[in-house]
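A look at the structure
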Amino acid sequence: MLLEDFPEDIRPYLEPKPSGHPIYECLACGARLAIDQLYYTCPTCGGLLMIEDLDFPRLRSQPGSFWRRLFDYRLIYNRQATRGVFTFHEFIAPNLPLNDLIYLGEAHTPVVAAPNELAKEIGTLFYFKMDGQNPSASFKDRGMAVALSYLKNQVRVKNLSSVIAVCASTGDTSAAAALYAASLGDSVKSAVLLPKGRVTPQQLSQPLGAGATVFELPGVFDDCMKVVERLSETYNVALLNSKNPWRVLGQESYAYEIAQQFDYLLGDIVLIVPVGNAGNITAILSGLLKFHRAGLIDRLPRILAVQSERANPVVLYYEQPSNLRAYSPVKVRPSVAQAAMIGDPVSFPRLSKLAADYEKVAGESSFGVVEVNEQSIMESMLLANRRGLTICTQGGECLAGLRAALAKGLMTPLETAVLDSTAHALKFVDFQNAYFSGSLAKEYGVITKPEIANHPRELNFDGLEVPKVDRPLEPGPRETFVRIAADKIASALGLTT
Ligand code: F0G
């Protein structure tokens, strides 16, 4: 739609101008720092940082209905810079000018209702938000769009060259980091650290394809994370893990979109979120609190964090009585929800603070945890696929979480669940294939049920002339082959004439 076709009162706002006064704020000691430098942790006490907009009150000077209308109109305003996460520019990184914003097609992923059969089997109406439909096929693109836009801004303003951006990853952060860095050409080069054998071949192919330098390290994600922390403390690199507070801002867009996709009515909704490094759930809580503070939503949804029993530090923490809670990292065991297989989530201090803030506003039962086992994760993913939804294993973890939550009375069928399929199914398809062929390594503790396994069928054409790639059949033998093949397929399918 052309600018002149928008309502007159909306036109001046469609194109955002740099605004606000964002600063870094340390969660541990409260120190405040200017954003003219990239910090990951507080230089005074080493605590985690969040970005706060000191001029947030300006957003409240407009009624919630103004922002709701503006953001809905922005969806049909054809300007690259205000696409994706920057539809919500004023709430995300209002300081960044439009010419620094990167858009590679991320965000505004669909929310899809579970088809009837699936909803009936699970016992409630629910939706999946398909965040695998992002450019690098996971939700990580939301955060990278902002982190790399900020880096682009810094490169331009400070005339920097050859910045090295690094991250540790279970496979998706690295794919997103490499892709968004690649979009900046030679000014930013990315290097990624992966636990050898613990990312899927599809995930490994992504940073390789984007031209990143890829290091495979022994151990698990938590070990790679320690190395990358050391790198960022000792050398001059730009850290792209979710310690980087700019990423959190971008990932808040997941919450903003859900608000928009449910007409800003979130009162009876329960968001189910898989937790690994705890960056995603932190961002969702933060985003919802901001929309609530600015009056875009009246009622906050409930949030359930889901973890596998094999990587469950957050569940173990919240299952303790609230006055006795003590955090300890866990030793992870192999999980098919491999991207969330993290024993010592870096963003845990952010999560515990934001969950407490959230409960203060939305009530005690507004934040909860639920634990699931590997068999249920795997079979939930396969079930969704057999009913029309292709979700990743972490999406399977959410569906397993929904089942467990209903069974334990943590939610009721009167509530509407929105589950996060955080990545595309095809990134994790080797788990499906291994399950089907019964070759999933014993260490995952998942047993193949033959009734669920699916295999391609071959037909027996012994004695018949069959086509070959380099030798098509002549018309006569071809007709015979087609007739016999069709009859064999009809017989296998039980078809009658
Ligand atoms: N789902 C997927 C597909 C992920 O890649 C991750 C995290 C999570 C869920 C958990 O989200 O860490 O924000 O709590 N992957 C990171 C990575 C750690 O390196 O790709 P979280």
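A brief structural summary. Since we're looking at a predicted model, the values are computed, not measured. (Residues numbered from 1 in each chain as written. Predicted model: local features only at pLDDT ≥ 70, side-chain atom pairs only at ≥ 80, totals over all residues. Heavy atoms only, no water.)

1. Details of the sheet that holds strand β11 (residues 302–308)
Heads up, the rule is: We call two strands paired when DSSP finds no fewer than two bridges between them. Each helix is a run of DSSP H or I of at least 4 residues and each strand a run of E of at least 2, with the numbering of both proceeding from the N terminus. Orientation is described by lines fitted to C-alpha atoms, with helices fitted over the stretch in contact, and by angles between N-to-C directions that extend from 0 to 180 degrees.
With respect to topology, six strands assemble into an open sheet ordered β4-β5-β13-β10-β11-β12, the strand pairing being mixed. Where the open sheet ends on each side, the last strands, each with one partner, are β4 (111–113) and β12 (367–372). Shown here is a sheet whose adjacent strand axes are inclined to one another by a mean of 25°, direction ignored. In terms of strand pairing, β11 meets β12 through six bridges, oriented parallel.

2. Brief notes about the site of the ligand
Rules: One heavy atom within 4 Å of a molecule or strand is enough for the residue carrying it to be called near that molecule or strand. Think of a polar contact as two N or O atoms within 3.5 Å of one another; within protein, one of them needs to be a possible hydrogen donor and the other a possible acceptor, and neighboring residues in sequence only count if both atoms come from side chains. Using the Shrake-Rupley algorithm and a 1.4 Å probe, accessible areas are obtained, with residue cover drawn only from the displayed protein chains. Think of a 1 Å grid over the protein atoms and nothing else: a 1.4 Å probe that fits but is trapped marks a cavity, an open set flanked by protein within 12 Å on at least five of seven lines marks a pocket, and residues with an atom within 4 Å of a point count as lining. For this analysis, a molecule is said to be in a pocket or cavity if more than half of its atoms are within 2 Å of the grid points defining it. The start and end points of each domain follow an automatic or database-based domain assignment.
Of all residues adjacent to the ligand, which total 18 residues, the nearest are D172, T173, N277, N280 and T422. A339 has a polar backbone atom sitting 3.3 Å from a nitrogen atom of the ligand. In isolation the ligand offers 470 Å² of accessible surface; the protein chains occlude 99% of this area. Here the ligand occupies the largest cavity. Those elements that place two or more of their residues in the shell around the ligand are α7 (172–182) and α12 (279–293). The residues that make up the shell around the ligand include at least three from each of domain 3 (111–135 + 252–444) and domain 4 (139–250).

3. Concerning the packing of α7 against helix α8 (residues 201–209)
Keep this limit in mind: Here the angle decides the label: under 35 degrees means roughly parallel, over 145 means roughly antiparallel, 65 to 115 means roughly perpendicular, and every other value means oblique. A clockwise turn of the near helix away from the far one marks a right-handed crossing, whereas an anticlockwise turn of less than a right angle marks a left-handed crossing. Contact criterion: two residues are considered in contact whenever any of their non-hydrogen atoms come within 4.5 Å of each other. Think of it as three bins: nonpolar holds Ala, Val, Leu, Ile, Met, Phe, Trp, Tyr, Cys and Pro, charged holds Asp, Glu, Lys and Arg, and polar takes everything else, Gly as well.
Running from N to C, α7 and α8 point in directions that differ by 20°, and their axes come no closer than 8 Å. In this view, α7 runs roughly parallel relative to α8, as classed from their interaxial angle. Pair α7 / α8 crosses with left-handed handedness. When α7 is examined against α8, the residues D172, S174, A175 and A178 are found in contact with a partner set consisting of Q203, Q206 and P207. Residue classes in the contact of α7 with α8 are distributed as three nonpolar, three polar and one charged.

4. Details of the layout of surface pockets
Short version of the rule: Grid points are joined across faces, edges and corners, and a volume is the space filled by probe spheres set on the points.
The volume enclosed by the largest pocket comes to roughly 500 Å³. Lining the largest pocket are 21 residues, with L38, Y40, N236, V237 and A238 positioned closest to its centre. Taken together, the elements giving at least two residues each to the lining of the largest pocket come down to α6 (140–158), β6 (163–168), α9 (221–234) and β9 (238–239). Broken down by element, the lining of the largest pocket gets its largest block of residues, three residues, from α6. When its residues are assigned to classes, the lining of the largest pocket shows eleven nonpolar, seven polar and three charged. Looking at the lining of the largest pocket, you find at least three residues from each of domain 2 (24–54) and domain 4 (139–250).

5. Things to note about α6
Applied cut-off: Given the number of residues in a helix, its expected span is that number minus one, multiplied by 1.5 Å. Burial classes: relative accessible area under 20% of the type maximum marks a residue as buried, over 50% as exposed, and values in between as partly exposed (1.4 Å probe, protein chains only).
For α6, which comprises 19 residues, the first-to-last C-alpha distance of 27 Å matches the rise-based estimate of 27 Å (1.5 Å per residue) to within 8%. The element α6 is extensively covered by neighbouring structure, given that 15 of its 19 residues are classed as buried. Looking one or two residues past α6, N159 carries a phi angle of roughly 55°, positive in sign.

6. Comments concerning the environment of I447
Mapped onto the fold, I447 is located in the loop between α17 (429–437) and α18 (475–493). Each C-alpha atom of the pair I447 and E15 lies 54 Å from the other, and the pair is 432 residues apart in sequence. The residues contacting I447, other than those within four sequence positions of it, are Q375, E379 and Y435.

7. Describing the side chain of R302
With respect to the helices, strands and loops of the structure, R302 is situated in strand β11. Taking relative accessible area as the criterion, R302 reaches 16% and is therefore assigned buried. Reaching out from R302, the side chain makes a polar contact with the backbone oxygen of L410 at a distance of 2.7 Å.

8. Concerning the nonpolar core
To keep things clear, this is the line we draw: To qualify as a nonpolar core, a set must consist of buried Ala, Val, Leu, Ile, Met, Phe, Trp, Tyr and Cys residues joined through side-chain atoms within 4.5 Å.
Residues L148 and W246 are the most contacted members of the largest nonpolar core, which totals 110 residues. In this structure, W246 is in contact with Y24, I35, L38, I51, A93, N95, G143, V146, A147 and Y150, ignoring residues within four places of it in sequence. Membership of the second largest hydrophobic core comes to 46 residues, among which are A337, V370, A417 and A423.

9. Things to note about unusual backbone geometry
For A137, which is not glycine, the phi torsion reads 70° and is therefore positive. With a relative accessible area of 14%, A137 lands in the buried category. Even without glycine at this site, N159 takes up a positive phi of about 55°. Tracing the chain through its elements places N159 in the loop between α6 and β6.

10. Some remarks on the pairing of β6
Worth spelling out the cut-off: With its strands directed away from the observer, a crossover is right-handed exactly when the path from the first strand over the helix to the second travels clockwise.
Most of β6 sits out of view: five of its six residues are buried. In this sheet, strand β7 (residues 188–195) lies alongside β6 in parallel orientation, the contact comprising six bridges. Residue pairing across strands places A168 opposite L193, the latter belonging to β7. For the segment spanning β6, α7 and β7, crossover handedness is right-handed.

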